[in-house]
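If you want the building blocks of each chain, they are given just below.
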Amino acid sequence: MSVEDYLLQKLKTGALHMTLIDPASQDPAQAGKIARDACSLGTDAIMIGGSTGVTQENLDQTALEIKDNSDVPSIYFPSGAEAMSPHCDAIYFMSMLNSRSLDWVIREQVAGAPAVKKLGLEPLSMGYIIVAPGMKVGEVGQADVIPRDDPKLAASYAMAGELLGMRSIYLEAGSGAPAHVPSDMISYVKKSISVPLIVGGGIRDAEAAKEVKDAGADVIVTGTIIEENGYLSKLESIIKSIKT
Ligand code: 1GP
């Protein structure tokens, strides 16, 4: 079964949780341990990526450890075309729709497309939309961040992505954001599109995860919490709040 079919099947049973692991944030063995823990707690997929510091070497080693230690798909969440690994099951083939730079809208994709084809990586088409504050990814990606009080603008971007053929939309507040994407914006966007809606950035506890899910997110992504000591109980309560 393709990764996309696996995700669509699982979505029929309710919202999903994905664990984001940044190859630049820990050694590969620790990444493998985090993946094993996350799987045992019921995460639905492991995303591998980060805004800066991802190299071919740390990506390959991290992806291999994650593969060896998990029983869910691993999805590469690229920050550009500079690294690509055959050890991931799929890749978010994505465009940052609200970047001011053509690099992140299409040029990196042009640079990376031949390698994706050559490696036979399954592409998961996605429109990436950066919401304020946007954090590092908003800065690096030169995003015209969506103001937090403008759900209509977020929805217009999401609809444009869907109409261009993108098969999922990601609302991103930025890794480590002090607040997640506002609930009214999530609800507004969800009602405007019919493809799965992914939401991430600043979701640090079960209450926030539930709020994001109840607002209409199909996939809830958490990253930063797994870099903290004693992440297990927090991850457990987040996944539980999404699954119940
Ligand atoms: C970043 O949305 C993800 O791309 C995860 O964000 O690190 O804040 O959980 P956090």
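Up top is the structure.
None of the values given here were measured: they were computed from a predicted structure.

S.K.: Lay out the site of the ligand in plain terms, naming residues and giving numbers.
M.R.: Around the ligand, the neighbouring residues are L20, F77, Y170, E172, S175, G176, G200, G201, G202, T222, G223 and T224. At 2.9 Å from an oxygen atom of the ligand is found a side-chain nitrogen or oxygen belonging to Y170. The contact in question runs from an oxygen atom of the ligand to an N or O atom on the backbone of G201, over 2.9 Å. Notes on the ligand: free accessible area 310 Å², of which the protein chains cover 96%. Residue composition of the shell around the ligand, grouped by class: three nonpolar, eight polar and one charged.

S.K.: Tell me about unusual backbone geometry, and name the residues and values.
M.R.: Omega for the peptide link from A132 to P133 comes to 10°, which places this bond in the cis form. By the element assignment, P133 lies in the loop between β5 (122–130) and α5 (135–140). With phi around 45°, Q142 is a residue other than glycine that occupies positive phi space. As for its position among the elements, Q142 is in the loop between α5 and α6 (151–163).

S.K.: How would you summarise the packing of helix α2 (residues 28–40) against helix α3 (residues 56–69) if you had to cite specific residues and measurements?
M.R.: Relative to each other, α2 and α3 sit at 35°, their axes nearing to 8 Å. As α2 runs across α3, the sense of the crossing is right-handed. Residues P28, A29, A31, G32, A35 and R36 of α2 form the contact with α3, whose own contacting residues are Q61, T62, E65, I66 and N69. Its residues assigned to classes, the contact of α2 with α3 comprises five nonpolar, four polar and two charged.

S.K.: Report on the pairing of strand β4 (residues 90–96), specifying residues and quantitative values.
M.R.: Regular strands place their side chains on alternate faces of the sheet. Across the seven residues of β4, six count as buried, placing the element largely inside the fold. In the sheet, β4 pairs with β5 via seven bridges, with the strands oriented parallel. For S95, the partnering residue across the bridge sits in β5 and is G127. Where the polypeptide runs from β4 across helix α4 (residues 102–119) and back to β5, its parallel neighbour, the crossover connection is right-handed.

S.K.: Describe the packing of helix α7 (residues 183–192) against helix α8 (residues 206–215), naming the residues involved and giving the relevant values.
M.R.: With their axes 8 Å apart at the nearest point, α7 and α8 run at an angle of 30° to one another. Comparing the axis directions of α7 and α8 gives the class roughly parallel. As for how α7 packs across α8, the hand of that crossing is right-handed. On α8, the residues touching S183, I186 and S187 of α7 are E211, V212 and A215. Per-class residue counts for the contact of α7 with α8 are three nonpolar, two polar and one charged.

S.K.: Outline helix α9 (residues 231–243), listing residues and values.
M.R.: With 13 residues, α9 extends 18 Å between its outermost C-alpha atoms, agreeing within 8% with the 18 Å of an ideal straight helix rising 1.5 Å per residue. Those residues of α9 not exposed but buried are Y231, L235, I238, I239, S241 and I242. Taken around the axis of α9, the buried residues stretch over an arc of 160°, which confines them to a single face. Of the residues in α9, the exposed ones pointing more than 90 degrees away from the buried face are S233 and K240. Contact partners of the buried residues in α9: β1 (16–21), α2, α8 and β8 (219–222).

Calculation criteria
Residues numbered from 1 in each chain as written. Predicted model: local features only at pLDDT ≥ 70, side-chain atom pairs only at ≥ 80, totals over all residues. Heavy atoms only, no water. Near = heavy atom within 4 Å. Polar contact = N/O pair within 3.5 Å; in protein donor to acceptor, adjacent residues only side chain to side chain. Areas by Shrake-Rupley, 256 points an atom, 1.4 Å probe, with all protein chains shown as cover. Nonpolar A, V, L, I, M, F, W, Y, C, P; charged D, E, K, R; others polar. Helix = DSSP H or I, 4+ residues; strand = E, 2+ residues; numbered from the N terminus. Axes fitted to C-alpha atoms, helices over the stretch in contact; angles between N-to-C directions. Left-handed = near helix turned anticlockwise from the far one by under 90°. Contact = heavy atoms within 4.5 Å. Buried < 20%, exposed > 50% of the residue type's maximum accessible area, 1.4 Å probe, protein only. Pairing = 2+ DSSP bridges. Right-handed = clockwise from strand over helix to strand, strands pointing away. Parallel < 35°, antiparallel > 145°, perpendicular 65-115°, else oblique. Expected span 1.5 Å × (residues − 1). Arc of directions from axis to C-beta.

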